[in-house]
Amino acid sequence: MPSFDIVSELEIFEVNHAVQNTQKEIATRFDFRGQDVSIELNEKAKEIKIKTESDFQCDQVYSMLENHFYKRKVDVQALDPQKATASGKNFVQVIKLKDGLDSDTAKKINKAIKESGIKVQSSIQGDKIRVTDKKRDTLQQVMAFLKEQQFGLPLQFNNFKD
């Protein structure tokens, strides 16, 4: 029976490259010369920390990071920026990375599939959703439907079996 899995996986090496490219761009920008501006990735905590001297610079570095995410074909929905905090003369913004389907989002996706009117079987299996049906075309309809929706995190379709 044809089936596929819906997952939300973040390619951490692509995120790492995007952060490194942002660091290189910061080093070459004239308006950041002589300023205390840095960006670093913590892979274990799955977060990016931006440290600047002003709120405006923080926004600039964040937009540069988004730009490099686009270039590396990493979905920016994976970024969850927290409120920037001021400590002393520095502004620090923590950006959490969304990786994996949490149970609430999986339930929303499952409910959206059922409400779409497409007759398929979908079940939550840990951090993925398995969708099955007798016809491949119906499964492709579900994929197209889910690509149109916004669930707040990037979705990938893998493990397609015929």
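Note that the structure is predicted; figures quoted are calculated from it, not measured. (Residues numbered from 1 in each chain as written. Predicted model: local features only at pLDDT ≥ 70, side-chain atom pairs only at ≥ 80, totals over all residues. Heavy atoms only, no water.)

### Re the environment of Lys 71
Then, number 1: Of note, Lys 71 is situated in helix H2 (residues 55–71).
Then, number 2: Since its relative accessible area comes to 57%, Lys 71 is described here as exposed.
Then, number 3: Residues Lys 71 and Ala 18 lie 53 residues apart in sequence; the distance between their C-alpha atoms is 8.2 Å. (Helix = DSSP H or I, 4+ residues; strand = E, 2+ residues; numbered from the N terminus. Buried < 20%, exposed > 50% of the residue type's maximum accessible area, 1.4 Å probe, protein only.)

### Notes on the layout of surface pockets
Then, number 1: Roughly 170 Å³ of volume is contained in the largest pocket.
Then, number 2: Every residue along the wall of the largest pocket is listed here: Glu 9, Leu 10, Glu 11, Glu 14, Arg 72, Lys 73, Val 74, Asp 75, Pro 154 and Gln 156.
Then, number 3: Along the lines of polarity and charge, the residues of the lining of the largest pocket split into three nonpolar, one polar and six charged. (1 Å grid on protein atoms, 1.4 Å probe; cavity = no way out; pocket = protein on both sides within 12 Å on 5 of 7 lines; lining within 4 Å. Points joined across faces, edges and corners; volume = space filled by probe spheres on them. Nonpolar A, V, L, I, M, F, W, Y, C, P; charged D, E, K, R; others polar.)

### So, the side chain of Gln 93
Then, number 1: Mapped onto the elements of the fold, Gln 93 is located in strand S6 (residues 90–97).
Then, number 2: Accessibility expressed as a relative area gives 10% for Gln 93, which makes it buried.
Then, number 3: Separated by 3.1 Å, the side chain of Gln 93 and the backbone oxygen of Gln 82 make a polar contact.
Then, number 4: Gln 93 has contacts with Ile 48, Lys 49, Ile 50, Cys 58, Tyr 62, Pro 81, Gln 82 and Ala 84, leaving out every residue within four places of it along the chain. (Polar contact = N/O pair within 3.5 Å; in protein donor to acceptor, adjacent residues only side chain to side chain. Contact = heavy atoms within 4.5 Å.)

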